[in-house]
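# Working through the structure, step by step
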Amino acid sequence: MLGPLWVANDGVEVRLTARRHRAVVATLLLRRGRAVSADALIEALWGEEPPATAASVLRLYVSQVRRLLPAGRLTRSEGGYALLVEPGELDLDVLERKLARAAKASAAGNDALAAALYREARGLWRGPSLADLVTEPFAELEARRLDELSLQALELWAAAELELGHAADVLADLQAAVAGQPLREGLRRLLMLALYQSDRPAEALAVYRDGRRHLVEELGLEPADALRELERRIHRRDPALRRERADPAPVEPVRVPLPATPTVGRRRDIEALQHRLLTTPEPLITLVGPSGIGKTRVALEVARGLHGAFVNGVFFVELAALTDPALVIPTLVRALGLQEQLDRPWLESVGSRISAMQALIVLDSFEHVLDAAPDVAEMLRHAPDVKVLVTSTTLLRVSGETVVPVQPLTQDDARALFVQRADKAGVPATVTSSDPAIDAICARLEGSPLAIELAAPWLRTLGPSDLLARLGDRLELSGRSRDTTARHRSLRAALDWSFELLAPRERAVLLALSPFAGSFDLAAFEAVVAAPSLEALASLVDASLIQATSGRYRLLESVRDYAVEKAGGDQEAWRRHASYFTEVALRAEAGLSGPEQGRWLACLDREHDNLRAALDRLGELEEPLAELRLAAALGRFWYLRGHIAEGLGRLGTALDHRADAVDALSAKALRVRSALAVIGGDYALARELAEAALAQYRELDDGEGVARTLSNLGAILHAQGDVGRAAAILDESIERAAALGDARLVALAENNRGDVALSEGELHLAAGHFERSLSVMRDLGDTANVARALYNIGAVALEESELAKAGSCFVESLDLAREVGDPEDVVWCMIGVAALASRGGRLEDARRLLAAIDEGLRSIGAVMKPFEQRLYSRTREAVGVASAASAAALTQTDAVELARSLASTLF
């Protein structure tokens, strides 16, 4: 409103090109969100004699404006129309608040702040107020009021600057204003004073004479007493009219300490915080994070960068040495240079002076004096131009607080910090950031600046690889600097500091969380912790000992190490943890065969670290039955996600712990391990395991187990080249599964039987098996096996030269395999598409896919089945040797996208 009407939505101008549209918006804005009746709007737009169609035209205007503005802004009620504006959105509101705050600062004698606020208020004008609407009936009086306010703001600003001795800063503005308003005595008086303070008394007296002439000739009046008195004092050269220039004294380095070492990284975080402190109304920002994460460093750099941006300065107040929260406010008040009167409440004794200040106050290490937080919040309620930046391991939990978590360093910044600190410590120059051990050290230390600074100087004694090998106990990592605070001399000391600040119940919950690895959800928390307390959990999150993201919680590894050590041998907590995640795995195992396959795979992906930890601890607790139950339940997950080596190892260890057992669980574990060995290409082991499982199932008279194991054994024999026996065993598996009425088991065996037929060139027979398998798997919603069947049908089509059908099947299979994250089927599809590409003359694309196939198989530890091996070799021979350069540039994601594109468009 302070200039031509201008409206923006998220910084983008809303173009109101029609004059009547602008008039409607301006009229509503002047009412500050209050309803304006239709009659009042009509009068504002057309005056006292509106046209007969005014009501209908107004409705049209309102409808058109509503479409131009953001949704929900222009509303209709019984009282009329209203345009909703939030605090701070309308420049008139901002202007009035700045003028009020400036007047308060001036009354308190803070001329520097008053001048700054008046200057900011004047800067809001973009030209004459409502310049594009000034002739409208509603706008004329308001425009005159605002222009008068502009002149008043100029006078008040100039007066404040002259009190500071800044005559040269206001002369040009006053001269222009007096030229435009020759009868305004207040402006003329200020110009005379500015000229006199600039050692130009003759010009000051000339300004008086010119003003008297205008008043006498145009109004027949003599100048007012104040102007005549100023003329007399200038004639006398009154020294009281003089002012020495008063510029603020430099704040740094006294008030904001200089960091002992250069800051690495954090540039974006620091700039974002500086922007927030300067541009948002947030009075209190709390930087939170665990000890040693770099909160103080960030706060120091933010404060140093804002030197000069606050009229009364930037102040850094260290609180770590305080033990009594009651001392926080007196310490803060003294840092501001104010004197508290001990016989009066602190806010009463210094409140008026603080309320008239514009300053940034950094309160460092607040976590141990949290009881003082309400006093800080109370101070800010009375000091609208004071901003407080707090560093703390925990939230203050007071009104007006904005929480900004300080994150660990990125890997690049962590590496740079490590090398810089090593160099400062005199580490030989042979240690460089290119050493892979440096990256591994920084990753092990989780990007914690404190941990990195403690570790780097040890390179004077140890090589990078030796240091990495000795980081198993991060808590023992300590520094050798004599001038750091006690809590920053080791990770253990930093965590001791945080732990001692916790309430007893919070400590108990933290220790009960020690079994968790990776992240966990609320259900796991309530199941594993013996006495779960949501309030304690929230406090631990607030204390930066637990990270909370999207309903998941996580302890940093250093915090977990500390909790494990403090908890000692709490075996019951570990048993509860293992029991809970075993139940998760068992439910997921059932779900992996149905329509919720994707959800359960995602669940196991999230919980993989906890599942691993549970298996480790069950082994240590010597509970072989529970260990084998959990390992066997995870078999299909390991298979689908390509964790082949892990699954083989885990199941092997668990089976060894029950070496002589013959029961359904042992048989299942043998069968599952056999299936993983097939993917890994260890057919001898796979056959040995399958035959052992089959023997146990037969001894147990478990018909389902026999049928399932026969299906696996048939696939193994096929891979070993015993095609005849493989076909016979798979036919038996199909027959047994059908007799049991298990459609899914029949479909699995049908798929394996189709593989045998495909590799033998019996394409019609193979297609029948694959089509029947696909039909059942679609009905069951088993996405992974639908993808497998589709690939196989595409392979048959490829062999029959039905290339369009093959491409269509490969595309759908690729999409489904990616959906569930099955890397094996993705590779099989890429082999099929590479063959399509070679037939379509896209030889370079085929070469690139073949190279990506090699990498994909290597990454999951898998080998090709017989048909895929022959197809791969045939395609490789057709296109020639793969181009290493092009292969290196193709990521797995890019390879899949290339395969999908080729399969969709080639034929």
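Located above this text is the structure these notes cover.
Since the structure is predicted, the reported quantities are computational estimates derived from the model, not experimental observations. (Residues numbered from 1 in each chain as written. Predicted model: local features only at pLDDT ≥ 70, side-chain atom pairs only at ≥ 80, totals over all residues. Heavy atoms only, no water.)

Moving on to the overall build of the protein chain. Of regular secondary structure, the protein chain possesses 42 helices and 12 strands. Taken along its principal axes, the extent of the C-alpha atoms in the protein chain is 125 × 80 × 55 Å. Within the protein chain, buried positions represent 52% of all 907 residues. Within the protein chain, contacts between residues separated by at least 24 positions form 69% of all contacts whose residues are at least 6 apart in sequence. Charged side chains of the protein chain number 105 positive and 129 negative; the gap between the two group centres comes to 4 Å. (Helix = DSSP H or I, 4+ residues; strand = E, 2+ residues; numbered from the N terminus. Buried < 20%, exposed > 50% of the residue type's maximum accessible area, 1.4 Å probe, protein only. Contact = heavy atoms within 4.5 Å. Lys, Arg positive; Asp, Glu negative; His and termini not counted. Charge placed at Lys NZ, Arg CZ, Asp CG, Glu CD.)

Reading across the sheet, the 5 strands line up as β6-β7-β8-β5-β9 and stay open at both edges, with parallel pairing between neighbours. Each edge of the open sheet is held by one strand with a lone partner, namely β6 (314–318) and β9 (401–405). Strand-to-strand twist of the sheet, defined as the mean angle between neighbouring strand axes without regard to direction, takes the value 20°. (Pairing = 2+ DSSP bridges. Axes fitted to C-alpha atoms, helices over the stretch in contact; angles between N-to-C directions.)

Moving on, we come to the pattern of salt bridges. In the structure shown here, the tally under the stated rule is 65 salt bridges. In this structure, Arg276 engages Glu282 in a salt bridge whose closest nitrogen and oxygen atoms are separated by 3.0 Å. With a shortest N-O distance of 3.4 Å, Glu572 and Arg575 are connected by a salt bridge. Of the two residues, Glu572 and Arg575 both sit in helix α25 (residues 571–591), 3 residues apart, roughly one turn of that helix. (Salt bridge = Lys/Arg side-chain N within 4 Å of Asp/Glu carboxyl O.)

Let's shift gears to the environment of Val62. Turning to its location among the elements, Val62 is positioned in helix α3 (residues 54–68). Here Val62 falls in the buried class, since its relative accessible area comes to 2%. Between the alpha carbons of Val62 and Arg76 there is a distance of 9.7 Å; along the sequence they are 14 residues apart. If we skip the residues at most four places from it in the chain, Val62 touches Leu74 and Tyr81.

Another point: unusual backbone geometry. You will see that Asp199, though not glycine, has its phi angle at about 60°, which is positive. Relative to the assigned elements, Asp199 resides in the loop between α8 (185–197) and α9 (201–219).

With that settled, the discussion passes to the sheet that holds strand β11 (residues 547–549). Pairing is antiparallel in the open sheet, where 3 strands are placed in the order β10-β12-β11. Of all the strands in the sheet, the pair left with one neighbour each is β10 (519–521) and β11. Within the sheet, the average angular offset between the axes of one strand and its neighbour, ignoring direction, is 30°. Bridge count between β11 and strand β12 (residues 552–554): 3 bridges; the pairing is antiparallel. What sits directly across from Gln547, in β12, is Arg554. Helix α26 (residues 597–620) contacts β10 and β12 of the sheet and is inclined by roughly 115° relative to β10.

With that out of the way, let us pick up the packing of aromatic side chains. Scanning the entire structure with this criterion turns up 7 aromatic pairs. Measuring from ring centre to ring centre gives 5.8 Å for Phe520 and Tyr553, while their planes differ by 35°; the resulting arrangement is tilted. With Phe520 in strand β10 and Tyr553 in strand β12, this pair connects stretches of sequence that are 33 residues apart. Using a relative accessible area of 0% as the deciding quantity, one classes Phe520 as buried. Given a relative accessible area of 16%, Tyr553 falls into the buried group. Judged by centre distance (5.0 Å) and plane angle (85°), the rings of Tyr580 and Phe581 are edge-to-face. (Phe/Tyr/Trp six-rings, centres within 6.5 Å; stacked < 30°, edge-to-face > 60°.)

The next subject is the packing of α26 against helix α27 (residues 624–633). Following both chains from N to C, one finds α26 and α27 inclined at 155°, their axes separated by 8 Å at the closest point. For the element pair α26 / α27, the angle class is roughly antiparallel. As for how α26 packs across α27, the hand of that crossing is left-handed. Between α26 and α27, the residues in contact are Leu611, Ala614, Leu615, Leu618 and Gly619 and Ala626, Glu627, Leu630 and Ala631, respectively. Residues of the contact of α26 with α27, tallied by class, amount to 7 nonpolar, 1 polar and 1 charged. (Parallel < 35°, antiparallel > 145°, perpendicular 65-115°, else oblique. Left-handed = near helix turned anticlockwise from the far one by under 90°. Nonpolar A, V, L, I, M, F, W, Y, C, P; charged D, E, K, R; others polar.)

This part covers the pairing of strand β5 (residues 284–288). Counting buried positions over the 5 residues of β5 gives 5, a clear majority of the element. Alternating residues of β5 divide into Leu284, Thr286 and Val288 and Ile285 and Leu287, and every residue in both groups is buried. Where β5 lies against strand β8 (residues 386–392), 5 bridges are found, and the strand directions are parallel. Its bridge partner being in β8, Thr286 is matched across the sheet by Val390. By the bridge criterion, 5 bridges tie β5 to β9 in an arrangement that is parallel. Considered in β9, the bridge of Leu284 is made with Glu401.

At their nearest, the axes of α27 and helix α29 (residues 644–656) sit 9 Å apart, and the two run at 155° to each other. With respect to each other, α27 and α29 are oriented roughly antiparallel. Helix-helix and strand crossings are classified by hand; for α27 and α29 the assignment is left-handed. Along the contact surface, α27 presents Glu627, Leu628, Ala631 and Ala632, while α29 presents Leu651, Thr653, Ala654 and Leu655. Class assignment for the residues of the contact of α27 with α29 results in 6 nonpolar, 1 polar and 1 charged.

Right, let's get into helix α42 (residues 892–905). Here α42 contains 14 residues, and its C-alpha end-to-end distance of 20 Å stays within 8% of the 20 Å for a straight helix at 1.5 Å per residue. Those residues of α42 that sit buried are Ala895, Val896, Leu898, Ala899, Leu902 and Ala903. The arc enclosing the buried residues of α42, seen along the axis, measures out at 160°, which places them on a common side. In α42, those exposed residues whose orientation departs by more than 90 degrees from the buried face are Thr893 and Thr905. For α42, the secondary structure elements touched by its buried residues are α37 (803–820), α38 (823–839) and α39 (843–860). (Expected span 1.5 Å × (residues − 1). Arc of directions from axis to C-beta.)

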